[in-house]
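Residue-level structure breakdown
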Amino acid sequence: MELQLIDYFRQRIPQYPCVRLGIGDDAAIIDLDIPQCVVTTDILMDGVDFRLSEVTPEAIGRKALAVNLSDLAAMAASPKACVVGLVLPEKGGVEIAKRLYDGLLPLARDFQIAVAGGDTNSWEGPLVISVTAIGLPSPGGGLCRAGAKPGDRIIVTGDFGGSLLGKHLTFTPRVWEAIYLYRSYEIHAGIDVSDGLALDLWRLTVESRCGAVIQAEKVPISEASHRMVAQVKSRMKPLDHALHDGEDFELILAVPPAEAARMLRDQPLSVPLTDIGEFVPDRGLWLEKGKKRTPLEPKGYQHKFSL
Ligand SMILES: [Mg+2]
């Protein structure tokens, strides 16, 4: 099965000049012409990150690459090449693999990222897909989670919450947005929102050794958050979905106040930029409603581990 698939991939996957040796050898050789590169990897598993019974393989293939592109965006890195690891279920595996690539390749083309190789196995278990992406850092090193300073504004792209209603499969990774913003404005730190606005903002504050205050009325709540409240019978409000649902794949940026004001005046992207609060010296996370500040739990999606 593997040889047949490799031939199929070789024919289907477009060639890029940076890939000196691609699919078919023991490893790929990629021309980068730089002393440093950015590397990120993500694993998606049937039953944990998606259900193959509910989602098309095309959507899963697209998402497996898109989440990696979002991580490159979080670093303001430009996509260069990726490798794809597949663990296919024995039954129907070849067909699933082809359809995964049907979803992955158009996104790869949109973001000019070469598929340089990978590995394909099969087993009696469920589908697992792992993509590893390589990018070039922005001049000046790129963004990290560390670097936010007290007084910086919290700037976010897009809106938040309810991504389960569709956005988690169709989102556009903010790659070009991040590169443009990093090139055009002073930005101290950044992260992409994979597991929830509150949780990922908290992760950024941990690395930056500071805290953050979100102003409740400023959070851009998606229309899907409102639909979630209507559809799912829980006590969550639209704001709770915006703060704690995962997989928005928007950006959180720490921007000095004057630069943040300029950014908001310019609104240089096709997606809105919003100032939702500020970084503060005290460690922790707070939600401000009117004049009242209450601690905000950094709840979001987290994988479970046990020893
Ligand atoms: Mg990330």
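Description of the structure in this document. This is a predicted model, so every value here is computed, not measured.

**Here's the deal with the pattern of salt bridges**
Using the criterion set out here, one finds 15 salt bridges in the structure. Between lysine 63 and glutamate 247 there is a salt bridge, with the nearest N and O atoms lying 2.7 Å from each other. Taken as a pair, lysine 63 in helix H2 (residues 57–74) and glutamate 247 in the loop between helix H8 (238–244) and strand S10 (251–255) lie far apart in primary sequence, 184 residues in all. Residue class for lysine 63 comes out buried when judged on its relative accessible area of 3%. Several salt bridges share partner residues, and in doing so they unite Lys167, Arg174, Glu177 and Glu250 into one network.

**Some thoughts on the coordination of the magnesium ion**
Surrounding the magnesium ion are the protein donor atoms Asp71 (OD) and Asp192 (OD), which sit 2.1 Å from the metal. Taken together, the residues aspartate 71 in helix H2 and aspartate 192 in strand S8 (residues 189–192) connect sequence positions 121 residues apart.

**A closer look at the sheet that holds strand S6 (residues 128–136)**
A sheet is described by the order of its strands in space; here four strands give the open sequence S3-S6-S4-S5, paired in mixed fashion. Here the strands that pair on one side only, and so sit at the sheet edges, are strand S3 (38–45) and strand S5 (114–123). Between one strand and the next, the sheet's axes are offset by a mean angle of 15 degrees, whatever the strand orientation. Bridge count between strand S4 (residues 78–89) and S6: nine bridges; the pairing is antiparallel. If you follow glycine 85 over to S6, its bridge partner there is serine 130. Where helix H1 (residues 2–12) meets the sheet, its contacts fall on S4 and S5, and the angle it forms with S5 comes to roughly 160 degrees.

**A word on the side chain of glutamate 259**
Along the chain, glutamate 259 turns up in helix H9 (residues 257–266). What makes glutamate 259 buried here is its relative accessible area of 16%. Ignoring sequence-local partners within four residues, the contact set of glutamate 259 consists of Ser184, Tyr185 and Glu186.

Quick notes on the rules
Residues numbered from 1 in each chain as written. Predicted model: local features only at pLDDT ≥ 70, side-chain atom pairs only at ≥ 80, totals over all residues. Heavy atoms only, no water. Salt bridge = Lys/Arg side-chain N within 4 Å of Asp/Glu carboxyl O. Helix = DSSP H or I, 4+ residues; strand = E, 2+ residues; numbered from the N terminus. Buried < 20%, exposed > 50% of the residue type's maximum accessible area, 1.4 Å probe, protein only. Donors = N, O, S within 2.8 Å, 3.2 Å for Na, K, Ca; no water. Pairing = 2+ DSSP bridges. Axes fitted to C-alpha atoms, helices over the stretch in contact; angles between N-to-C directions. Contact = heavy atoms within 4.5 Å.

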